[in-house]
Amino acid sequence: MIRVRASFDDGSIYDLRLADMMNSYSIDTTFYIPVNWQRYLATKGIESLSPNDVKSLANNFTLGSHGVNHELLTRVGEDKQNTEILGSMLYWQEQGYNVQSFCYPRGYYDEEIKNKVIKAGYQSARTVKVGNLDPPVDPFETITTVHVGYDRDEYETDWLTYAKNKVLEAIEKGNAGEDVDYHFWGHSEEIHRYQQWDRLGQLLRFINENL
């Protein structure tokens, strides 16, 4: 079986455009949003979703936790780690959202932080590592397939070519009877800043036609 899913981080206004695209292709999507997403994005000069926008996303997609202030967890003390991990879950639950997954901000985590995520009651956690097509061995170290909209050194090519090649690899594994988890992720603001919307659309069509 080949599973296709997506996740996007931070809560910029361009998540609404992503939501329309993911809905058009019926892709299982999680939006990871920090509690103070508006304040965090304002420091970067990025327009953010409104609280009503977040409600709209949560009605149609999965909402995930991305900390309180998007702190890099290996660079802060234990008290702040606890606030970021447990505090964010409690906040979203108080708002009526069933948040079960955590995303380590910028992928900064270690074994101790992972254990805090488990203890807090999350069911899974996503990293920013790429290249994986297998179902997660450890749900609290979910490795994705491709970071879309941005050319990473690991790709040794442009991101779209890499992503399409991973689709072809997924087909081979699926035809061999293997379970496949094709998981792409990114930041909507990054996709917008680098003018990657058309290329993301190409990937979505390629996935739809082949997986």
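Residues numbered from 1 in each chain as written. Predicted model: local features only at pLDDT ≥ 70, side-chain atom pairs only at ≥ 80, totals over all residues. Heavy atoms only, no water.

A. Spotlight on the packing of helix 4 (residues 78–94) against helix 5 (residues 111–120). Relative orientation of the contacting elements helix 4 and helix 5 amounts to 35 degrees, with a least axis distance of 10 Å. Crossing angle aside, the handedness with which helix 4 passes helix 5 is right-handed. Here Glu78, Gln81, Asn82, Ile85, Leu86 and Met89 of helix 4 come into contact with helix 5, specifically with Ile113, Lys116, Val117 and Ala120. Residues of the contact of helix 4 with helix 5, tallied by class, amount to six nonpolar, two polar and two charged. (Axes fitted to C-alpha atoms, helices over the stretch in contact; angles between N-to-C directions. Helix = DSSP H or I, 4+ residues; strand = E, 2+ residues; numbered from the N terminus. Left-handed = near helix turned anticlockwise from the far one by under 90°. Contact = heavy atoms within 4.5 Å. Nonpolar A, V, L, I, M, F, W, Y, C, P; charged D, E, K, R; others polar.)

B. Quick peek at the pairing of strand 2 (residues 28–33). Judged by how many residues are buried, strand 2 sits mostly within the fold: five of six residues are covered. Pairing of strand 1 (residues 2–9) with strand 2 involves five bridges; the strand directions are parallel. Bridging from a neighbouring strand, Ala6 pairs with Thr29 of strand 2. On the question of chirality, the crossover connecting strand 1 to the parallel strand 2 by way of helix 1 (residues 15–24) is right-handed. Sheet topology places strand 2 next to strand 3 (residues 62–65); four bridges connect them, and they run parallel. Its bridge partner being in strand 3, Ile33 is matched across the sheet by Ser65. (Buried < 20%, exposed > 50% of the residue type's maximum accessible area, 1.4 Å probe, protein only. Pairing = 2+ DSSP bridges. Right-handed = clockwise from strand over helix to strand, strands pointing away.)

C. Up close: the packing of aromatic side chains. Counted under the stated rule, the structure contains twelve aromatic pairs. With 6.3 Å between their ring centres and 70 degrees between their planes, Phe8 and Phe184 make a pair best called edge-to-face. With Phe8 in strand 1 and Phe184 in strand 7 (residues 180–186), this residue pair connects regions lying 176 residues apart in the sequence. Across the pair, Phe184 and Phe8 agree in class, each one buried. Taking 5.6 Å as the distance between ring centres and 65 degrees as the angle between the ring planes, the aromatic pair formed by Trp92 and Tyr97 counts as edge-to-face. Pairwise contacts between aromatic rings join Phe8, Phe31, Phe61, Tyr182 and Phe184 into one cluster. Sitting over the face of the ring of Trp185, Arg126 holds its NZ or CZ atom 4.3 Å from the ring centroid. Against the face of Phe206 rests Lys164, its NZ or CZ located 5.3 Å from the ring centre. (Phe/Tyr/Trp six-rings, centres within 6.5 Å; stacked < 30°, edge-to-face > 60°. Lys NZ or Arg CZ within 6 Å of the ring centre and 35° of its normal.)

Remember that the coordinates give geometry; whether it matters functionally is a separate question.
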